[in-house]
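# Coordinates in review
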Amino acid sequence: MEKLVSSWYKNKSLPESYKFPPETRPGNLFVPTSKTIPVIDLVQNRADIVRQILKSSEEYGFFQVVNHGVPEDVMNGSMDVFKEFFEMPAEDKAPMLHSEDPRNRCRLSTVCLGKVQNLCREVVATFSIEVKKLGSRILELVVEGLGLESGYFEDKLSESMMLSVNHYPPCPDPSLTLGLSKHCDPDLITILHQGDVYGLQVFNNGEWIGVEPLPSALVVNIGNLLQIISNDKLKSVEHRVVTNSRVARTTAAFFISPSDDSIIEPAKPLMISGASVYRACELKEFMLHYLPNLENNEVVMKHFKLQA
Ligand SMILES: O=C(O)CCC(=O)C(=O)O
Ligand SMILES: [Fe+2]
């Protein structure tokens, strides 16, 4: 545990256990800047918003939103709380984190945060409520774009929301490791507050492209479950996080998912000539297959395809 919460990185070289196998190291950290993830203004003509969301979700599986309605002071206040937490002495943080292995994710959950201070709980609760509202709004825009009936994702299909706060300390050699390995998210959509430090990269047409940090924007990506429900129209795309040697990066990701007992299957109106790309499965079964294969999205999705 000490390894995960201490400040060893300040004066040491990268420990062996943090180095990735050569084939998965980021190597060249400079990614093309000519291609960027679309930025969608949520205050404009509704038909244009729907069209842009659909296009970005089909092409990139990612987009950023601005004028999204989550107040800037709530975003900044929450980010300050998260950063403050990681600046606490290691002994104070240790009981709230769980993972002995530096290769595993070491996450601070909302449950843990509640223990920090009442004040934090309030600002983070407000942030969560606002993001949940934004999530429902984005899902409804997706529903419209897909031609599904209004309210398709209301209630159980988007009942669960988990907040995950990621902290990436400065790294002595960013070319040898990753902040987060490549993966897709096992949810409907993820809404990410990435703060102002670069690190997120998205796989697109055979190359990694960077997601530029924009003040007050939120990053949205399509998860595996929405790819299944959209019958492969929308794409859940692999992404990863690179580190840097100068500054720590803290991000907050909200995962919006169906309730645990949901059945995940392509929406009937999206089956082309009645054909479904995926079989129906329980969310529990999806997660059981996702977790051991999370770094190989093809393996994850193939398991649920009708014609593998
Ligand atoms: O921290 C980031 O930029 C991305 C985090 C992420 O992809 C995740 O938590 O699933
Ligand atoms: Fe992710």
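Report follows, based on the coordinates. A quick note: this is a predicted structure, and the numbers were derived from the prediction, not measured.

Each value, and the rule that gives it
- The numbering scheme is per chain: residues are counted from 1 as the chain's sequence reads.
- Lettering of chains starts at A and numbering of ligands starts at 1, both following the order in which they are written.
- In keeping with the predicted nature of the model, local features appear solely for residues at pLDDT of at least 70, side-chain atom pairs appear and are counted solely at 80 or more, and the whole-chain, interface and lining totals rest on all residues.
- Hydrogens and water molecules were not included; the side-chain quantities draw on all heavy atoms of the structure.
- The helix and strand labels rest on DSSP assignments: H or I over at least four residues marks a helix, E over at least two residues marks a strand, and numbering proceeds from the N terminus.
- To estimate the expected span of a helix, count its residues, drop one, and scale the result by 1.5 Å.
- Relative accessibility under 20% of the residue-type maximum defines a buried residue, over 50% an exposed one, and the middle range a partly exposed one, all with a 1.4 Å probe and only protein chains included.
- Between N or O atoms, a polar contact is any pair within 3.5 Å; within protein, one atom must be a potential hydrogen donor and the other a potential acceptor, and residues adjacent in sequence are included only when both atoms are from side chains.
- By convention a nonpolar core is built from buried Ala, Val, Leu, Ile, Met, Phe, Trp, Tyr and Cys residues, the set being connected through side-chain atoms within 4.5 Å.
- Only heavy atoms matter for contacts: two residues are in contact if any of them lie within 4.5 Å across the pair.
- Here a cavity is any set of points on a 1 Å grid over the protein atoms alone where a 1.4 Å probe fits but cannot get out, and a pocket is any open set with protein on both sides within 12 Å along at least 5 of 7 lines; a residue lines the site when it has an atom within 4 Å of a point.
- Grid points are joined across faces, edges and corners, and a volume is the space filled by probe spheres set on the points.
- When residues are sorted by character, Ala, Val, Leu, Ile, Met, Phe, Trp, Tyr, Cys and Pro go into the nonpolar class, Asp, Glu, Lys and Arg into the charged class, and all the rest, Gly among them, into the polar class.
- What makes a salt bridge here is a side-chain nitrogen of Lys or Arg within 4 Å of a carboxyl oxygen of Asp or Glu, nothing more.
- Put simply, a patch holds well-exposed residues, over 30% relative accessible area, that have no salt bridge, with like charges counted together within 9 Å and Val, Leu, Ile, Met, Phe, Trp or Tyr side chains within 5 Å.
- Values of accessible area rely on a 1.4 Å probe in the Shrake-Rupley scheme; residue burial ignores everything except the protein chains shown.
- Asp and Glu count as negative and Lys and Arg as positive, but His and the ends of the chain are not part of the count.
- One atom stands in for each charge, and that atom is NZ of Lys, CZ of Arg, CG of Asp or CD of Glu.
- In this description, a donor is an N, O or S atom within 2.8 Å of the metal centre, a cutoff extended to 3.2 Å for sodium, potassium and calcium. Water is not part of the atom list, which can make sites seem incomplete.

Under the 1.5 Å per step criterion, the end-to-end length of helix 2 (residues 46-59) is 20 Å for 14 residues, consistent within 8% with the ideal 20 Å. Taken together, the buried positions of helix 2 are Ile49, Val50, Ile53, Leu54, Ser56 and Ser57. Two or three places before alanine 47, at the start of helix 2, stands the capping residue asparagine 45, its side-chain oxygen 2.9 Å from that residue's backbone nitrogen. Within two residues after helix 2, glycine 61 carries a phi angle of roughly 70°, on the positive side.

Ranked by size, the top nonpolar core spans 57 residues in total, and within it Phe127, Ile189, Ile191, Leu226 and Phe286 carry the most contacts. In terms of residues, this core owes the most to one element, helix 6 (residues 118-146), which gives eleven residues. Here phenylalanine 127 is in contact with Val70, Val74, Met75, Ser78, Phe82, His193, Ala252 and Phe254, once residues within four sequence places are set aside. Counting 15 residues, the second largest nonpolar core, distinct from the first, contains Leu180, Val219, Val241 and Ala253.

What follows covers unusual backbone geometry. For serine 216, which is not glycine, the phi torsion reads 70° and is therefore positive. Relative to the helices and strands, serine 216 is located in the loop between strand 8 (207-210) and strand 9 (218-222). The backbone phi angle of aspartate 232 is positive, close to 80°, even though this residue is not glycine. Within the element layout of this structure, aspartate 232 appears in the loop between helix 7 (224-229) and strand 10 (239-241).

Estimated volume of the second largest pocket: approximately 430 Å³. Together, 19 residues line the second largest pocket, and Lys235, Ser236, Val237, Glu238 and Asn297 are the ones closest to its centre. Ranked by residue count, the leading element in the lining of the second largest pocket is helix 9 (residues 297-302), at four residues. Of the residues that constitute the lining of the second largest pocket, the class distribution is three nonpolar, seven polar and nine charged.

This paragraph deals with the pattern of salt bridges. Evaluation of the coordinates by the stated rule reveals ten salt bridges. Residue glutamate 58 is joined to lysine 233 by a salt bridge in which the shortest nitrogen-to-oxygen separation is 2.8 Å. Separated by 175 residues along the polypeptide, glutamate 58 in helix 2 and lysine 233 in the loop between helix 7 and strand 10 bring together distant segments of the chain. According to the relative accessible area criterion, glutamate 58 is partly exposed, its value standing at 31%. Since its relative accessible area comes to 39%, lysine 233 is described here as partly exposed. Of the charged contacts in the structure, one is a salt bridge between lysine 268 and glutamate 265, with a shortest N-O distance of 3.9 Å.

The next subject is the environment of arginine 25. Looking at where arginine 25 falls in the secondary structure, it is placed in the loop between helix 1 (2-5) and strand 1 (39-41). Look at arginine 25 and you get partly exposed, because its relative accessible area is 28%. Note: C-alpha distance between arginine 25 and asparagine 76 (51 residues apart in sequence) is 32 Å. Filtering out sequence-adjacent residues up to four positions away, arginine 25 remains in contact with Lys19, Phe20, Ser175 and Leu176.

What follows deals with a negative patch on the surface. Taken together, Glu154, Asp155, Glu159 and Asp260 make up a surface patch of like negative charges. In this structure, aspartate 260 sits in the loop between strand 11 (249-257) and strand 12 (263-264). By relative accessible area, aspartate 260 is classed as exposed at 59%.

All right, on to the coordination of the iron ion (ligand 2) then. Taken together, the protein ligands of the iron ion (ligand 2) are His183 (NE2), Asp185 (OD) and His239 (NE2), with distances of 2.1 to 2.2 Å. Each donor residue of the iron ion (ligand 2) lies on the same chain, and together they follow the pattern H-x1-D-x53-H. Aspartate 185 shares its class with histidine 183; the two are buried.

Nothing here speaks to function; it is all geometry.
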